[in-house]
Amino acid sequence: MLPDPQRFLAVSGRRIARAEGAAQVVRELCLSTVPELADGAFVYLADHGPDRSGQLTLLLDGVPAELGAVMGGTPPAEAVVPSDGVLAGFLRCGRTRGRGQDDVEEALAELLGTAPRLPQGNRVLLAPLRAPDAVVGVAVFLRRPDREDFVADDIALADTLSAQAALGVSEDTATPRVRPADAPKAPDEDRLRYVGAATRRIARGFDTDEIVLGLCRAAVPTYSDAALVYLRDPLPVGDERPTGPDTLRLRRTDRMKGPAAEGLVWPVETVDDEQDDLDAADWSEVVPGGALAEVLRGVRPVFADDRATRAALSELVGEDSGLNGWAGSHAILAPLRGRRRVTGAVVFLRRPERPAFEPADLLVAAQLATHTALGVDKAVLYSREAFIADRLQRAMLPQTLPKPTGVRLAFRYLPAAETARVGGDWYDAIPLPGSRVALVVGDVMGHSMTSAAVMGQLRTTAVTLAGLDLPPQEVLHHLDEQAQRLGTDRMATCLYVVYDPVSHRITVANAGHPPPILLHPGGKTEVLQVPPGAPIGVGGIDFEAVELDAPAGATLLLYTDGLVESRLRDVWTGIEQLREKLAATAQLTGPDRPPPLEALCDEVLDMLGPGDRDDDIALLAARFDGIAPSDVAYWTLQPEASAPGRARRLTRQALAGWGLEELTDTAELLVSEIVTNAVRHASRPISLRLLRTDVLRCEVGDDVPQLPRLRRASPDEEHGRGLYLVNRLARRWGTTRLGIGKIVWFELGGPAN
């Protein structure tokens, strides 16, 4: 069973509904179901040619390449279905069934013969494509032998998608075309068929503009010669109550064009043949108690055949509009009522020389208006939810990254496609003791506000664990435990890297995430060999860490799978393409100068093509500058009374060697204060390290876990003023708890020589 069947059905259904033509419908059905629901799929479509009367013939609509690993042999290109056979009865029934149910085995034999070798067990589904009035084909879904059988929920999903595909295939030949000016009115059955096709077209819309466009394209020219759609501005969301007068804004107009409209008289003052816009007001205020308000309150579509409705039409399109010339049964004004209130209005018009609307056409207008209003309601709610979720996710991501010593950072985040904008990708850079930095990239599985919330909790946990200076594998272990506490289905991948600028090494631990890529100073690119690990949330998994060289000038690229995996390529193909893209970008600046980080991130994202944005993308690039050994001074001091004096002397000598004499007095004072405090409480040797980069950084470590707090000492106290001096004189300062003990550090401004 799929982990998120509702989302799968919604996304797949939208893809199939948007397809134009039978061939595209079949393609989208296969692309939607493989590999999530099945490992392979193929479709037979009915051939109703003139020489096929009296019998049903099924023609194979292509064989996807994925079938090579699922079944042996090739399905027959054509199958004749005997009217009294098992397959014919199965198709007439119209329900999807799995292998082993009823007479599915015999039906498969009639369809495919005995040559293909099908997977054993309930790993084959036979899904009729049955439209309301005819069988249009049959689909076959297969799973590999190493995958679990289809369950009842899987069969239900296949049945729903196959039924939707059947409607799309039948619509390819059933949608009414533009009728000639002198053609008779369509009978009731054609009107019903038109309503079905039109409402499906409206339902394909994903946002408000697409829904309104679908209404206009469905109405003109099949139903009316022109259409105008007005929507409230702003559109209400949920139970929101308007605070001011209702205002309608013209969102779209459409009119009959092309050869079929040559016999129609479009007044010059009404429409410009070079434009689609009709002569109508862009805004209309609904006056309480006015004619338009009364029509909208009535909800039902009406003809403009009396004074009140003509006044309402005039109030909507403007008193000076040439559209007021349409009256009687040649104009229909239909309110758009959603789930709770009227959200707009649509006007359908036919020219005087065309047949007038009939009373039955009011029912058609009501259907079109209802589906449009419900679609607008849905689009507004989804847009608001997506907006809130997107803001929530971005609020949980770091807006800026720190500037740790010896490494430069750049990042990018791109949300997913409009169908699934909210994801669980995150990135972070966390300063660690000893001038190290932790680089983190993760991806929570799924696309929902829940995924974004889980991402925020895992990122917060990762920051907390990093502050404890745990080894990378231990950080992933605790993240795994946290994910299990959040729920059994809360899974994520994560890559945790610790960079030490002094030793020029990185330590990498992986939890099911795509491996990082290292761009060496000379332009060589390398996909790092790191332990793959299991995703976070699986439980009971031991994570491993590997230590690798990180030479100065090298660039490490961490990313989520949205960058390298899509419907058009698998993840390893994408990783190889990313490696080649990095190598090509490095060649642009030459082997002696690495590409700028920001430009490198932009070039990497340029590898994405149309259809490659199925998932959100997080990208983190780190340029390792490192700290040269000559810029590092390290000593160990015994916790005794002479330690502060020795620390001052060592600091003075190091700064003199670096040419930073102007910082000597301040550095000596602050080092003495911190070392004095460490001597007072420590029982083990104290560490003193100086780092020279663009600033002078001093780090004092001891074995006491309690962190010092800044406070103001009273006049009669002998102690408690050391951190006050550090806070006043240092450029920056801070404390970091270690596994055993702590580090107190401060920075003094000054150019690095």
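The coordinates are above.
Residues numbered from 1 in each chain as written. Predicted model: local features only at pLDDT ≥ 70, side-chain atom pairs only at ≥ 80, totals over all residues. Heavy atoms only, no water.

Peer 1: Sorry, what's going on with the sheet that holds strand β16 (residues 492–500) here?
Peer 2: Backbone hydrogen bonds are what pair the strands of a sheet, in a parallel or an antiparallel way. The strand order across the open sheet built from five strands is β14-β15-β16-β17-β20, with neighbouring strands paired in antiparallel fashion. Of all the strands in the sheet, the pair left with one neighbour each is β14 (424–431) and β20 (545–549). Across this sheet, the average inter-strand angle for adjacent strands is 15 degrees, counted without regard to direction. Against the sheet, helix α11 (residues 449–467) engages β14, β15 (437–444) and β16, with an angle of about 15 degrees to β14. (Pairing = 2+ DSSP bridges. Helix = DSSP H or I, 4+ residues; strand = E, 2+ residues; numbered from the N terminus. Axes fitted to C-alpha atoms, helices over the stretch in contact; angles between N-to-C directions. Contact = heavy atoms within 4.5 Å.)

Peer 1: Mind showing me how you'd approach the pattern of salt bridges here?
Peer 2: Side chains that differ in sign of charge can pair as their charged atoms come close. The final tally for this structure, using the stated rule, is 25 salt bridges. A salt bridge links Asp 154 to Arg 143; its shortest N-O distance comes to 3.4 Å. In this pair, Asp 154 sits in helix α5 (residues 152–174) while Arg 143 sits in the loop between β6 (135–142) and α5, placing the two residues 11 residues apart along the sequence. With respect to class, Asp 154 is no different from Arg 143; both count as buried. Measuring nitrogen to oxygen at the nearest pair gives 2.9 Å for the salt bridge that ties Arg 251 to Asp 209. A residue pair is termed long-range when its members are at least 10 positions apart, and Arg 251 in strand β8 (residues 247–255) and Asp 209 in helix α7 (residues 208–219) qualify at 42 residues. Judged by relative accessible area, Asp 209 falls into the partly exposed class, the value being 48%. (Salt bridge = Lys/Arg side-chain N within 4 Å of Asp/Glu carboxyl O. Buried < 20%, exposed > 50% of the residue type's maximum accessible area, 1.4 Å probe, protein only.)

Peer 1: Would you explain helix α9 (residues 307–317) in this entry?
Peer 2: Each turn of an α-helix holds 3.6 residues, which means side chains three or four residues apart point in the same direction. Listed in full, the buried residues belonging to α9 are Thr 309, Ala 312, Leu 313, Ser 314, Leu 316 and Val 317. Put simply, Asp 306 is the residue that caps the front of α9, since its side-chain oxygen is 3.2 Å from the backbone nitrogen of Ala 308. Just beyond α9, the residue with positive phi is Gly 318, at close to 105 degrees. (Polar contact = N/O pair within 3.5 Å; in protein donor to acceptor, adjacent residues only side chain to side chain.)

Peer 1: Hey, could you run me through the packing of aromatic side chains in this one?
Peer 2: Here a ring pair, both rings aromatic, is described through the centre-centre distance and the interplanar angle of the planes. Tallying each qualifying case throughout the model produces five aromatic pairs. Ring geometry for Tyr 223 and Phe 357: centres 5.3 Å apart, planes at 40 degrees, overall tilted. Of the two residues, Tyr 223 sits in the loop between α7 and β7 (226–232) while Phe 357 sits in the loop between β12 (342–349) and α10 (359–396), which places them 134 residues apart along the sequence. Take Tyr 223: its relative accessible area is 3%, and that puts it in the buried class. By relative accessible area, Phe 357 is classed as buried at 3%. Ring centres 5.0 Å apart and planes at 25 degrees place the aromatic pair Phe 411 and Tyr 427 in the stacked group. Placement of Phe 411 in strand β13 (residues 407–414) and of Tyr 427 in strand β14 is noted, with a sequence separation of 16 residues between them. The class of Phe 411 is partly exposed, set by a relative accessible area of 24%. Looking at Tyr 427, the relative accessible area reads 3%, which means it is buried. These aromatic residues form a ring-pair network of at least three members: Tyr 223, Phe 348 and Phe 357. A cation sits over an aromatic face here: Arg 697 above Trp 745, 4.3 Å from the ring centre. (Phe/Tyr/Trp six-rings, centres within 6.5 Å; stacked < 30°, edge-to-face > 60°. Lys NZ or Arg CZ within 6 Å of the ring centre and 35° of its normal.)

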